[in-house]
Number of protein chains: 2
Amino acid sequence: MYRSHSCGELREEHVGKAVTLAGWVQKSRDKGFVVWIDLRDRYGITQLVFDAERTAPELLEKARNLGREFVIQVKGQVIERASKNPNIPTGNIEVLVESIQLLNPSLTPPFTIENDTDGGEDLRMKFRYLDIRRNPVKENLIFRSKVAMAVRTYLSAAGFIEVETPYLIKSTPEGARDFVVPSRMNKGQFYALPQSPQTFKQLLMVGGLDKYFQIVKCFRDEDLRADRQPEFTQIDCEMAFVEQEDILNVFEGLTKHLLQEIKGISIGDFPRMTYDEAMQRYGNDKPDIRFGMEFCPLTPTGGTFGFNIFDSAELVVGISVPGCAHYTRKKIDALIDWVRRPQIGAKGMVWVKYNEDGSLSSSVNKFFDEAGLKAIAKQMEANPGDLMLILAGETHKTRTQLSALRMEMAQQLGLRDPKVFAPLWVVDFPLLELDEETGHYHAMHHPFTSPKPGQLALLDTDPGAVRANAYDLVLNGNEIGGGSIRIHDKQTQSVMFKHLGFTPEEAKAQFGFLMEAFQYGAPPHGGIAFGLDRLVAILGGQETIRDFIAFPKNNSGRDVMIDAPAPIDDEQLKELHLKWDRSTE
Amino acid sequence: MYRSHSCGELREEHVGKAVTLAGWVQKSRDKGFVVWIDLRDRYGITQLVFDAERTAPELLEKARNLGREFVIQVKGQVIERASKNPNIPTGNIEVLVESIQLLNPSLTPPFTIENDTDGGEDLRMKFRYLDIRRNPVKENLIFRSKVAMAVRTYLSAAGFIEVETPYLIKSTPEGARDFVVPSRMNKGQFYALPQSPQTFKQLLMVGGLDKYFQIVKCFRDEDLRADRQPEFTQIDCEMAFVEQEDILNVFEGLTKHLLQEIKGISIGDFPRMTYDEAMQRYGNDKPDIRFGMEFCPLTPTGGTFGFNIFDSAELVVGISVPGCAHYTRKKIDALIDWVRRPQIGAKGMVWVKYNEDGSLSSSVNKFFDEAGLKAIAKQMEANPGDLMLILAGETHKTRTQLSALRMEMAQQLGLRDPKVFAPLWVVDFPLLELDEETGHYHAMHHPFTSPKPGQLALLDTDPGAVRANAYDLVLNGNEIGGGSIRIHDKQTQSVMFKHLGFTPEEAKAQFGFLMEAFQYGAPPHGGIAFGLDRLVAILGGQETIRDFIAFPKNNSGRDVMIDAPAPIDDEQLKELHLKWDRSTE
């Protein structure tokens, strides 16, 4: 053992004790007659002291030559510090060093190993092993481990069995693109890496395992958007003989437990909202309900607004931003520019100020007199001091735009407090979603989601109206979990595949095993999956999932530290019976 | 909720209670005026009863028509059984059914869902979801989950952090073949699936995480031998600032904990043995020490045996099999045939019987008189009643052959008791192993293993003699864990790569990131990895790891249930910039 104690362990009660410590040189201060070194390990920092009076000259010299991030082992005695440091747990003591062993020197690190580093993202990713030495990253990884362990402990105690499902499975064209793995032993054939263990967990239910969970890596070969990873981690869960209510209860219990155990926060029963309601009230199926600013649809009092942009719009809807009536013209213009950016795509924005003195002013004074503005303010339940922001246009687009604006205003007003947690169940999702490009419907959740009882026939007449026993758990405006009650009979599954555009042959080739399984006594079942990366980031009060992944990939799917992906030997390619297709060049 | 109680829950205290159960029809007995159904779920079996007296005729009729594996929900009342069944926990009660809801019918299963099934391996694998309904398979999966949870609880309490390392990494030619994953976004490049998280866990130590573990899938594209899987699970661990002794202590602690927690068995300190000693005493680096029959090398008393086969052999070595002197000629001939099989490859076997009456007889009476046989018996410390089996030839081969014979004899004698657990540390492994085909040395453990202090120079003069701080944990003749103290400086790692035949350029291209990391203050570190599949099988008292994997692959690497691997679309291939190489056909 290289140490008797960690660098975070020694206290006043250890004074007088002979100790051996090992760790990294965080920094040293050389005052000529005395040298102090901060020695760091995972557990903390302990101050080492060398001085001309008590330390042998060679040792003092040796201490002087230790650079940042050198790894050393020291033996010495714990002594009380003359000037104590109340900011660190070991601040009352220091170690008077009697010997140093240099375990490994270090080049000068490419960025400082401090809480606030001078290293940019790229550099920190290339030297991720140095980045991990920094407290914020290290603490994030420890936090992630703690969350995962709390999940496992809770679910195990609740009778769930963690079952490992296979990583080398079969490619299916449904959903995102699969990563595929050529088989050397089965020429011309590929495995695929799972986008989720969906079919396997359903088969475990058919197999009678009753309560399953797994914390498991999943893979999607998507063009990466910001903060998406090609490999990501799910808390994947499934239960048999349950209805939606049972799933919501169990996993609300899990989430409450995590908030309590990890954050020390007690939260009562989670509110629930249908998908339709969430879209109407927040323009979003994962609303952030830490703050208000709910949507107010506007209707003309006298049959017409008398304002063409409103009158010709499918939807006129606004939010009332509290306390922002004082916004300057410049600030409001910036907001108008913001909603007009291509990422948001609004054509314009109408604003109405409800001034503190009760007067009203707006960008549409030409079309609305005081009474007209008052009517708007009344519909929007605005109060003096509020700034009303109104968008108009096609329903879905306008809601999406206003939802983005609502989030932006909350951001500006500091209402997205990472220390506040506001969970919400969104339920009754549509079964199908229209792909506007192709005109085809595809499964909103996945093709195994069950339509609400009695709504199967509606698939033929009004597919967009069919609702599913599908639910999302939303936390602070993020979907952290989603699931559904599944189809468990072959007949319904066949109808579903048909509506998703599968021929019977295609359905059989891809999911024949599942439909066959349904014929041998499949129980009713359902489940949920949480995105662990996102969940951990939110619980940690942060936005970026990359900060909670030990070795993340960048937006091109590259690991810049190990430089992967990389070319492979021709020999290796040949063994896989493959060659490069030059026609795609 | 489909049930008020599980099928394993009801006892006499519930008599009189109205309950709702759901599960599978295990079997039914129709005595005309009364029908009994065994209803099964994950938790047990509850007997349902219907009779002409108390049950409505339509319900009785409905019950009669329920087939095996139908999924039903029943409501009824718990009543005391007339004839109790002491063999099951619910045997004192039955449920008098008032209503049945058929949740899903079932085709007749292709094999019986019983503890002893009539289904062959192939059929059971194709319908694995039905196989999992059988108690032995279900219990194995629950057992596995329990072991994994116990590992996590123990290591977490000991301060280990579970960190997820990436699955999409870089291909390295070292070791077995990698599975590779073509990158769509990075044309001409591949990821590889990890054979182990080795380099990443070392980087976590460089990153200061100090104590790491992970239960993680690993992948090897090997030609599969019996009971090998292309994807397998490791308990992967690493610690910083440790010496071999520290690792052995921590993971001996873990193993003791598992034996205690899972099996209720207390085991004292594990014996340790060097690799050389294990080879000498058992001809094997993973000896089964549940029984004796240690190797006795024979040396001629007078300079020569006077028996050419022995005299010309590099090694003459035997085992003394207790109580087998009575073996018939036929039985012994069968053993001779057994060692001569190509899998074993011995040319022949000498046997000497030490009869109960003290007399000796042998297959080499022509060459050894009574005194000669006595001398052999003495050297072998044989006792009356023992059967001595002796092989001769080249040292390594002969040891391997005799080791196989020793295991076979133990098998025949019932000495491989799955309820007895005999762990053993084998230490001081050779650093390198000579590949007899190529004449090159390769790393016995892996290229990151540290030679014993002071032995680096020996690499140039006698590479085979260099020993490593490498260790295996052996349990009942199986290597369940293996690890080493790692190299942590660039210089030593470079020397190591050179000796393994890497050019400096190759070493840099493949492991440059690791060698670079070693330059920034890498701490001394080491670790171990356990094979979870094997560990669970042995703790479960069984031999076949497949029985402890939910969805295993067969010996051709196929999942016969989902029929993977499988061809993919030409479109998909094209997106990956690949085509089939016809020249390999």
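Quick note: structure is the one above.
Everything in this summary refers to the structure shown in the same document. Predicted model, so just to flag it, every value in this text is computed and none were measured. (Residues numbered from 1 in each chain as written. Chains lettered and ligands numbered in written order. Predicted model: local features only at pLDDT ≥ 70, side-chain atom pairs only at ≥ 80, totals over all residues. Heavy atoms only, no water.)

### Comments concerning the sheet that holds strand E14 (residues 350-354) of chain A
Residue and element names in this part refer to chain A. In spatial order, the strands read E12-E13-E16-E14-E15; together these five strands make up an open sheet with antiparallel pairing. What marks the edges here is a single partner per strand, and that holds for strand E12 (296-297) and strand E15 (360-362). Here three bridges tie E14 to E15, and the two strands are oriented antiparallel to one another. Directly across from Tyr-354, in E15, lies its bridge partner Leu-360. (Pairing = 2+ DSSP bridges. Helix = DSSP H or I, 4+ residues; strand = E, 2+ residues; numbered from the N terminus.)

### What to know about the interface of chain A and chain B
Contacts between the two partners involve 126 residues from chain A, matched on the other side by 126 residues from chain B. A buried area of about 11,400 Å², summed over both sides, lies between chain A and chain B, and 60% of it is on carbon and sulfur atoms. On the surface where chain A and chain B come into contact, there are ten salt bridges. Across the pair A:Asp221 and B:Arg184 runs a salt bridge, and its minimum N-O distance is 3.2 Å. Our enumeration of links across chain A and chain B arrives at 69 residue pairs in polar contact (both at pLDDT 80 or more). With nine residues, the top contributor of residues to the side of chain A that touches chain B is helix H4 (residues 135-157) of chain A. (Contact = heavy atoms within 4.5 Å. Buried area = accessible area lost by both parts, 1.4 Å probe. Salt bridge = Lys/Arg side-chain N within 4 Å of Asp/Glu carboxyl O. Polar contact = N/O pair within 3.5 Å; in protein donor to acceptor, adjacent residues only side chain to side chain.)

### A short note on the sheet that holds strand E5 (residues 93-104) of chain A
Two strands in a sheet stick together by hydrogen bonds in their backbones, pointing the same way (parallel) or opposite ways (antiparallel). Residues and elements named next belong to chain A. The mixed closed barrel is built from five strands, whose spatial order is E1-E2-E3-E5-E4. With strand direction ignored, the average angle separating the axes of adjacent strands in the sheet is 55 degrees. Where strand E2 (residues 34-41) meets strand E3 (residues 44-51), eight bridges bridge the pair, whose relative direction is antiparallel. By the bridge assignment, Leu-39 is partnered in E3 with Thr-46. Of the strands in this sheet, strand E1 (18-30), E2, E3 and E5 are in contact with helix H1 (residues 57-64), which crosses E5 at around 70 degrees. (Axes fitted to C-alpha atoms, helices over the stretch in contact; angles between N-to-C directions.)

### Brief notes about the pattern of salt bridges
All names here are of chain A. Taken as a whole and judged by the stated rule, the model has 77 salt bridges over all chains. Here Lys-256 and Glu-252 are joined by a salt bridge, their closest N and O atoms 3.5 Å apart. Separated by four residues within a single helix, Lys-256 and Glu-252 lie in helix H6 (residues 244-263), roughly one turn from each other. Relative accessible area serves as the criterion here: at 5%, Glu-252 is assigned to the buried category. (Buried < 20%, exposed > 50% of the residue type's maximum accessible area, 1.4 Å probe, protein only.)

### A word on the side chain of B:Gln202
Residues and elements named next belong to chain B. Here Gln-202 lies in helix H5 (residues 198-206). With a relative accessible area of 0%, Gln-202 lands in the buried category. A distance of 3.0 Å separates a polar atom in the side chain of Gln-202 from a polar atom in the side chain of His-525. Aside from chain neighbours lying at most four places away, what touches Gln-202 is Glu-238, Phe-448, Arg-486, Ile-487, Leu-514, Phe-518 and His-525.

### Brief notes about the packing of helix H13 (residues 490-499) of chain B against helix H14 (residues 504-517) of chain B
Two quantities define a packed helix pair, namely the angle between the helix axes and the distance between the axes. All names here are of chain B. At a minimum axis separation of 11 Å, H13 and H14 run at an interaxial angle of 155 degrees. Relative to H14, the element H13 is oriented roughly antiparallel. Both H13 and H14 take part in a crossing whose hand is right-handed. Between H13, through Lys-490, Gln-493, Ser-494 and Phe-497, and H14, the contact on the second element is made entirely by Ala-507, Phe-511 and Met-515. (Parallel < 35°, antiparallel > 145°, perpendicular 65-115°, else oblique. Left-handed = near helix turned anticlockwise from the far one by under 90°.)

### Description of the relation of the copies chain A and chain B
With an RMSD of 0.1 Å, the fit of chain A onto chain B corresponds to turning through 180 degrees and sliding 0.0 Å along the axis. In the structure described here, the two chain copies are related by an operation that fits a two-fold rotation axis. (Least-squares fit on C-alpha atoms with pLDDT ≥ 70 in both.)

### Considering the packing of aromatic side chains
All names here are of chain A. On inspection of all chains with the given rule, the structure shows 47 aromatic pairs over all chains. Ring geometry for Phe-127 and Tyr-129: centres 6.1 Å apart, planes at 75 degrees, overall edge-to-face. A relative accessible area of 6% means that Phe-127 is categorised as buried. Residue classification places Tyr-129 among the buried positions, given a relative accessible area of 1%. Between Phe-497 and Phe-511, the ring centres sit 5.2 Å apart and the planes meet at 10 degrees, which makes this aromatic pair stacked. Within this pair, whereas Phe-497 is found in helix H13 (residues 490-499), its partner Phe-511 is found in helix H14 (residues 504-518), the two being separated by 14 residues in sequence. A relative accessible area of 1% means that Phe-497 is categorised as buried. Judged by relative accessible area, which is 4%, Phe-511 ranks as buried. Taken together, the aromatic side chains of Phe-305, Phe-307, Phe-310, Phe-367 and Phe-368 make up a single cluster linked through ring pairs. When the ring centre of Phe-127 is taken as origin, the NZ or CZ atom of Lys-126, which lies over that ring, is 5.3 Å away. (Phe/Tyr/Trp six-rings, centres within 6.5 Å; stacked < 30°, edge-to-face > 60°. Lys NZ or Arg CZ within 6 Å of the ring centre and 35° of its normal.)

### Things to note about the side chain of A:Ser320
Tracing the backbone shows A:Ser320 in strand E13 (residues 315-321). At 3.1 Å, the side chain of A:Ser320 and the side chain of A:Asp386 are in polar contact.

### Some thoughts on the state of the cysteines
Scanning the model with the defined rule gives zero disulfides over all chains in all. For A:Cys218, which is in no disulfide, the shortest distance to another cysteine sulfur is to A:Cys237 and amounts to 12 Å. (Disulfide = S-S within 2.5 Å.)

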